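Residue-level structure breakdown
For reference, the chains in residue letters:
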Amino acid sequence: MSASAEPLRVAVLASGRGSNLQALIDAAGSGRLPITITGVISDRPASGALARARAHGIGALAIDPTVHAGRAGFDAALVRLLQGVQPQLIVCAGFMRIIGADVLQPFFGRMINIHPSLLPAYPGLRTHARALADGVRMHGASLHFVTPELDAGPVFACARVPVLAGDSPEALAARVLEREHPLLVAGVGLIAERRIVLAAGGVEFDGRPLPAALALGSDDALHPARAP
Ligand code: GRF
């Protein structure tokens, strides 16, 4: 990004402890990531994510599903909150609600999700336990653009994490989470620099179609996937 470019305005949707949010806050705060987090929105008023936002002076907005009339009411309220913080990018970081088509439509191509598996393997929940039950050797995390189908939008980056002998779901989840943080920072960085874009024909990287998800290296940067 050129020095004169404005930081990207980012909203974060999160339901839980917010460690991925914290990785973005820390990277932006130390000047490693050219973004401004304009708001954090959670469906859980007591979430750690909202507490982290408040601690850093970031707008923290709760949207309680129990007080909105059904899914349509919740979705309409969520869109209003998102529009209020004027995001150029929305990051779903542990947001435990399905993004309805009405929420997605105004922000299509500007919403990404971090998911704890190597998509398309293991969409949905309990990814680590399912990977262990299948005996896979490689697990990890993915960044993808959000589409109306759950965890099925185009993947543009991933972090691979080997499964170790004797792994429990918790141990594996902890090692994956460690790599989620640099993955999210690097992926959001490429979007902030306009190097990753969702175009009509799919994801483009540096103006060319991206043939395969970029892979997080040990240097915490994203690199083109190696040919098999
Ligand atoms: C992460 O594993 C993320 O991939 C998943 O939910 C978890 C959120 O963790 N979608 P945190 O709230 O960011 O700590």
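Residues numbered from 1 in each chain as written. Predicted model: local features only at pLDDT ≥ 70, side-chain atom pairs only at ≥ 80, totals over all residues. Heavy atoms only, no water.

Below, the discussion takes up the packing of helix 5 (residues 127-134) against helix 6 (residues 169-192). Packing of helix 5 against helix 6 brings their axes to within 9 Å, and their N-to-C directions diverge by 115°. Classified by chirality, the crossing of helix 6 by helix 5 is right-handed. Listed contacts from helix 6 to H128, A129 and L132 of helix 5 are P169, L172, A173 and V176. Taken together, the residues of the contact of helix 5 with helix 6 sort by class into six nonpolar, one polar and no charged. (Axes fitted to C-alpha atoms, helices over the stretch in contact; angles between N-to-C directions. Helix = DSSP H or I, 4+ residues; strand = E, 2+ residues; numbered from the N terminus. Left-handed = near helix turned anticlockwise from the far one by under 90°. Contact = heavy atoms within 4.5 Å. Nonpolar A, V, L, I, M, F, W, Y, C, P; charged D, E, K, R; others polar.)

This paragraph deals with the site of the ligand. Looking at the ligand, the residues that line it are G16, R17, G18, S19, N20, G94, I114, P116 and E180. In the model, an oxygen atom of the ligand is placed 2.9 Å from a nitrogen or oxygen of the N20 main chain. The backbone of I114 places a nitrogen or oxygen atom 3.3 Å from a nitrogen atom of the ligand. When the ligand sits alone it has 370 Å² of accessible area, and the protein chains cover 86% of it. Here the ligand is seated within the largest pocket. (Near = heavy atom within 4 Å. Polar contact = N/O pair within 3.5 Å; in protein donor to acceptor, adjacent residues only side chain to side chain. Areas by Shrake-Rupley, 256 points an atom, 1.4 Å probe, with all protein chains shown as cover. 1 Å grid on protein atoms, 1.4 Å probe; cavity = no way out; pocket = protein on both sides within 12 Å on 5 of 7 lines; lining within 4 Å. Sits in = over half its atoms within 2 Å of the grid points.)

Geometry only, nothing functional implied.
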